[in-house]
Amino acid sequence: MKPLSALILMFATLALPGAAWSAEPSPVGWWLVQDGTAVIQVEDSGGRLTGRTVWMKDPTYPRDDAQGRAGQPLLDDANPDPAKRARQRLGLQILSGFRPAEEKGTYDGGQVYNPRDGKTYSGTLTLIGKDRLALRGYVLVTLIGKTQTWTRVTDLAKYGLK
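These figures come from a predicted structure and were not determined experimentally.

### Some remarks on the overall build of the chain
1) Next: For the chain, the count of helices and strands is one helix and eight strands.
2) Next: Element order for the chain, N to C, with α for helix and β for strand: α-β-β-β-β-β-β-β-β.
3) Next: Out of the 162 residues belonging to the chain, those deemed buried represent 30%.
4) Next: Contacts in the chain between residues far apart in sequence, at least 24 positions, make up 35% of those at least 6 positions apart.
5) Next: When the accessible area of the chain is evaluated, it comes to approximately 10,500 Å², of which 56% is carbon and sulfur surface.

Laid out in structure tokens, this is it:
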């Protein structure tokens, strides 16, 4: 190998790990919610972050369901819009419209839909390192709200995901 080629190869090899380390962490990926009952896939959709439920620990109604729906897929039955109550919770989009904020690693301007109560809240997402994501849902001002910390899923097979 010519000395110049060897020198270029050496610099290229040394530069690659640095490039990987300099990449900014991103909230795009799969996240296990705080109580461990669901995995949310966060995606970039035209510069805005969205998220949908891709795995649920219990995706069906329990045996003792008062309406006789035992074993059937959970529905969005708390939704205030009757036309949306037949949607399955698995696959449901629960995050929408998040955009990068001025503060690095923070995304705001989004909405969080809670299928348990059928309400939509304003929200912010904040990366905590590369493997934790704080989701804050609130009404009117951020002081009146609740924060959950989600954990990045690295073993997709554990949840039957690809």
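### A short note on the packing of aromatic side chains
1) Next: Following the criterion strictly, the structure yields one aromatic pair and no others.
2) Next: Measuring from ring centre to ring centre gives 4.8 Å for Trp55 and Tyr159, while their planes differ by 70°; the resulting arrangement is edge-to-face. Note that Trp55 is positioned in strand β3 (residues 48–56) and Tyr159 in the segment after β8 (145–152), a separation of 104 residues in sequence.
3) Next: Among the residues examined, Tyr159 registers a relative accessible area of 14% and is labelled buried.

### Focus on the environment of Asp58
1) Next: Here Asp58 lies in the loop between β3 and β4 (93–100).
2) Next: Counting along the chain gives 20 residues from Asp58 to Ala38, while the straight-line C-alpha distance between them is 8.5 Å.

### Some words on the pairing of strand β1 (residues 29–32)
1) Next: Of the strand pairs in this sheet, β1 and strand β2 (residues 38–45) are connected by four bridges, and their pairing is antiparallel. Counted as the bridge partner of Gly29 is Val42 from β2.
2) Next: Taking the residues between adjacent antiparallel strands as the criterion, β1 and β2 are bridged by five residues, where Gly36 takes a positive phi near 75°.

### A word on the nonpolar core
1) Next: Residues Ile40, Leu95, Phe98, Leu125, Leu135 and Trp150 are the most contacted members of the largest nonpolar core, which totals 16 residues.
2) Next: At the level of elements, β2, β4, β5 (106–114), β6 (119–128) and β7 (132–138) are the ones that each hand at least two residues to this core.

### Focus: the sheet that holds β2
1) Next: Strand order in this closed barrel of eight strands is β1-β2-β3-β4-β5-β6-β7-β8, and the pairing throughout is antiparallel. Here the strands of the sheet are splayed against their neighbours by 30° on average, with no regard to which way each runs.
2) Next: Relative to β3, β2 runs antiparallel, the two sharing eight bridges. Bridge pairing links Glu43 to Thr50 in β3.

### Topic: the side chain of Thr53
1) Next: Within the element layout of this structure, Thr53 appears in strand β3.
2) Next: We classify Thr53 as buried; its relative accessible area is 7%.
3) Next: In this structure Thr53 touches Ala38, Val39, Ile40, Arg89, Leu90, Gly91, Leu92 and Ile94, once residues within four positions along its chain are discounted.

What counts, and where the lines are drawn
Residues numbered from 1 in each chain as written. Predicted model: local features only at pLDDT ≥ 70, side-chain atom pairs only at ≥ 80, totals over all residues. Heavy atoms only, no water. Helix = DSSP H or I, 4+ residues; strand = E, 2+ residues; numbered from the N terminus. Buried < 20%, exposed > 50% of the residue type's maximum accessible area, 1.4 Å probe, protein only. Contact = heavy atoms within 4.5 Å. Areas by Shrake-Rupley, 256 points an atom, 1.4 Å probe, with all protein chains shown as cover. Phe/Tyr/Trp six-rings, centres within 6.5 Å; stacked < 30°, edge-to-face > 60°. Pairing = 2+ DSSP bridges. Core = buried A, V, L, I, M, F, W, Y, C linked by side-chain atoms within 4.5 Å. Axes fitted to C-alpha atoms, helices over the stretch in contact; angles between N-to-C directions.

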